[in-house]
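Architecture at a glance
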Amino acid sequence: TTYPKGFPKDFLWGGATAANQVEGAWNVDGKGITTAEVVEKATDRKKMSMDAVTTDSIKAAVADPTDTRYPKRRGVDFYHHYKEDIKLFAEMGFKVYRFSIAWSRIFPKGDEQQPNEAGLAFYDRVIDELHRYGIKPLVTLSHYEMPINLTLTQNGWASRATIAAFNHFTETVFKRYKGKVPYWLTFNEINTGTWGFHETGAIDTTMSKHDQMQIRYQALHHQFVASAIATKQLHEIDPDAKIGSMLARMQTYPGTPNPVDVQAAQLEDEKNLFFTDVQARGEYPEVMNRFFADNDIEIKMAPDDQAILAKYPVDFISFSYYMTTVTKADAGEQVNGNMATGGRNPYLEESDWGWQIDPVGLRITLDEMWDRYRKPLFVVENGLGAVDQLTADHQVHDDYRIDYLRKHIQQMREAVADGVQLMGYTMWGPIDLISFSTSEMSKRYGFIYVDQDDAGKGSLKRLKKDSFYWYQKVIKTNGDDL
Ligand code: BG6
């Protein structure tokens, strides 16, 4: 017998972004304002900027016509630079580009009947430009934003009515881009809906912790149903296209071999995988039914919901991979990362934002996900947020980024050798963009440097970092020369 020694021939190498982190042009060509565009820059790098959002701060932001306080309103102006940016992606050899469609460009308030033609036309231009270079679009339908009107009138996904509004949007874009988008994702990092406002658009800051969890799991149920309906729509409208789920995968290691720690870690892991369980297997896992009962959480379902979930599971499974965590039955010292808290792992280094870096964890994750689901996997985010220094001669020597990516790709290759069916890899943030968690510009991920600072000042000029040439070589050799 033998096993794969490298990446498959048709492996999809590329990069991933989200509309609200790159596009800018937040109020151009009929676009409506979104949940991402009412969030200010974090004052503390170890905290999430959206944690400060309240109903009052939203109302004040909606009334503010400037972009100075809200970095996601300006992004890196991909809206006007998309040709230049896609040309650079093509120069690196991208096979695929993951981006999201802003619902509010198509339906500014989220629930109109007629779409905004100028918004649809923008994505026509982006998709056509990608095809000019033979780059396949991978489109996220909902990446951490929704029209703010739906938050203010429906409390976002807490309302069942949001399902119909969203599926009107998904039907509209599936029909418009039929035959041009081979891969779609429904909700970005759907599990983070348990963390707060950014994923579900539900504002619940004054509630007790229990009531917040109740409303968030209910909102997530509505997203599960909307995701299944979108799957049905896509298969009917564009039978050749495939649709996937998207999880922020955070493998949990037991803090010690003590069985109580192993059991606590197992439960923590089940709570992370729960979302993919529903979307890929089509039903709520029993262990979560117990968790809901024990925590007095009740999910209200319509009579057909379970049948819809069972009938329309996703075609493939995608996830982001940045870190792993550690769980002990007795929590102990917690790592103060801004995206996830958990125990500190003494074997790992962490980034300046407290994210524990674990390349081997990516192999463990891929092997386990493949064993559990037996559906094709896609790593749709992985990368290093760092402070880059621009030299006087306009270079960025980002060997730390190359090192990070190299180690993760090596482990991905091991997973392929283990037999994992892996579709592709879109590293996060091929071009510098506004950070999701802190809305900083200075937390940079890109192969391409963008001249803009945290205050939005700069020429927006694009420059190639050292990692640009390195990734070009990786793609050219299909991951053989790292
Ligand atoms: C993921 C998100 O959580 O991580 C992206 O899907 C985000 O939107 C990425 O940008 C990195 O996070 P951050 O906070 O460093 O931008």
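Residues numbered from 1 in each chain as written. Predicted model: local features only at pLDDT ≥ 70, side-chain atom pairs only at ≥ 80, totals over all residues.

Selection criterion: UniProt positions are given in the numbering used here, feature names are shortened, and annotations may be inferred rather than shown by experiment.
Looking at an unreviewed UniProt entry, one finds the protein named Glycoside hydrolase family 1 protein, with Lactiplantibacillus nangangensis as its source organism. Quoted verbatim from the Sequence similarities (unreviewed entry) field of UniProt, the annotation for the protein is "Belongs to the glycosyl hydrolase 1 family."

**Points about the pairing of strand S2 (residues 96-100)**
Heads up, the condition is: Here the C-beta atoms are placed from the backbone, and a residue counts as buried if at least 20 other C-beta atoms lie within 10 Å of its own, exposed if 12 or fewer do, and partly exposed otherwise. Strands are runs of DSSP state E lasting at least two residues, helices are runs of H or I lasting at least four, and both sets are numbered from the N terminus onward. Only strands joined by at least two bridges in the DSSP assignment are considered to pair.
Counting buried positions over the five residues of S2 gives five, a clear majority of the element. Relative to S2, strand S1 (residues 12-16) is paired through three bridges, and the arrangement is parallel. Bridge pairing links alanine 16 to arginine 98 in S2. Inspection of the sheet shows S2 paired to strand S3 (residues 136-142) by five bridges, in the parallel sense. Each residue of the ladder has a partner; that of valine 96, found in S3, is lysine 136.

**Describing the site of the ligand**
Applied cut-off: Placing the C-beta atom from the backbone, one calls a residue near a molecule or strand if that atom lies within 6 Å of it. Any residue that is not Ala, Val, Leu, Ile, Met, Phe, Trp, Tyr, Cys, Pro, Asp, Glu, Lys or Arg is counted as polar, Gly included; the first ten are nonpolar and the last four charged.
Residues in close proximity to the ligand total 14 residues, the closest being Ala18, Gly385, Ser435, Phe436 and Ser437. Each residue belonging to the shell around the ligand can be placed in one class, and the counts come to five nonpolar, six polar and three charged.

**Considerations on the UniProt feature "active site" (unreviewed entry) in the protein**
What counts is decided by this rule: Distance between backbone-placed C-beta atoms decides contact: two residues are in contact if it is within 7 Å.
What UniProt calls "active site" (unreviewed entry) maps, in this numbering, to Glu381. By the secondary structure assignment, glutamate 381 is in strand S13 (residues 377-381). Judged by C-beta crowding, with 25 C-beta atoms within 10 Å, glutamate 381 ranks as buried. Each residue touching glutamate 381, except ones within four places of it in the same chain, is listed here: Ala16, Ser320, Tyr321, Thr426 and Trp428.

**Details of the environment of valine 387**
With respect to the helices and strands, the residue valine 387 is situated in the loop between S13 and helix H14 (399-417). Spatially, the C-alpha atoms of valine 387 and tyrosine 144 are 24 Å apart, while their sequence positions differ by 243 residues.

**So, the packing of helix H7 (residues 161-176) against helix H9 (residues 209-237)**
Which entries qualify depends on this criterion: Axes here mean lines fitted to C-alpha atoms, for a helix over just the part in contact, with angles spanning 0 to 180 degrees between N-to-C directions. Roughly parallel here means an angle under 35 degrees, roughly antiparallel means over 145, roughly perpendicular means 65 to 115, and every remaining angle is called oblique. Left-handed describes a crossing whose near helix is turned anticlockwise from the far helix by less than a right angle; the clockwise case is right-handed.
Contact geometry of H7 with H9 gives a least axis separation of 9 Å together with a crossing angle of 25°. Between H7 and H9, the angle falls in the class roughly parallel. When you trace H7 past H9, the crossing you get is right-handed. Packed against H7, whose contacting residues are Thr162, Ile163, Phe166, Asn167, Thr170, Glu171, Phe174 and Lys175, the element H9 presents His222, Val225, Ala226, Ile229, Ala230, Gln233, Leu234 and Ile237 at the interface. Taken together, the residues of the contact of H7 with H9 sort by class into nine nonpolar, five polar and two charged.

**Some remarks on unusual backbone geometry**
With phi around 60°, aspartate 296 is a residue other than glycine that occupies positive phi space. Here aspartate 296 shows up in the loop between helix H11 (286-294) and helix H12 (305-311). A count of 9 C-beta atoms within 10 Å places aspartate 296 in the exposed class. One non-glycine residue with positive phi stands out, namely serine 439, at about 60°. Here serine 439 lies in the loop between strand S14 (422-428) and strand S15 (448-450). Assessed through the 23 C-beta atoms surrounding it within 10 Å, serine 439 is described here as buried.

**A closer look at the packing of helix H3 (residues 78-92) against helix H5 (residues 117-132)**
Two elements in contact, H3 and H5, have axes separated by 10 Å at closest approach and are oriented at 20°. One finds that H3 runs roughly parallel with respect to H5. Viewed along their axes, H3 and H5 form a crossing whose handedness is right-handed. Counting all contacts with H3, which are made through Tyr82, Lys83 and Ile86, the residues of H5 involved are Val126, Glu129 and Leu130. Taken together, the residues of the contact of H3 with H5 break down into four nonpolar, no polar and two charged.

**Examining the nonpolar core**
Where we set the bar: A set of buried Ala, Val, Leu, Ile, Met, Phe, Trp, Tyr and Cys residues, joined through C-beta atoms within 7 Å, is what we mean by a nonpolar core.
Membership of the largest hydrophobic core comes to 132 residues, with the highest contact counts inside it found for Tyr97, Ile101, Trp184, Leu366, Leu377, Met412 and Leu422. The residues touching isoleucine 101, leaving out its near neighbours within four places in the chain, are Ala19, Ile106, Tyr123, Val139, Leu141 and Val173.

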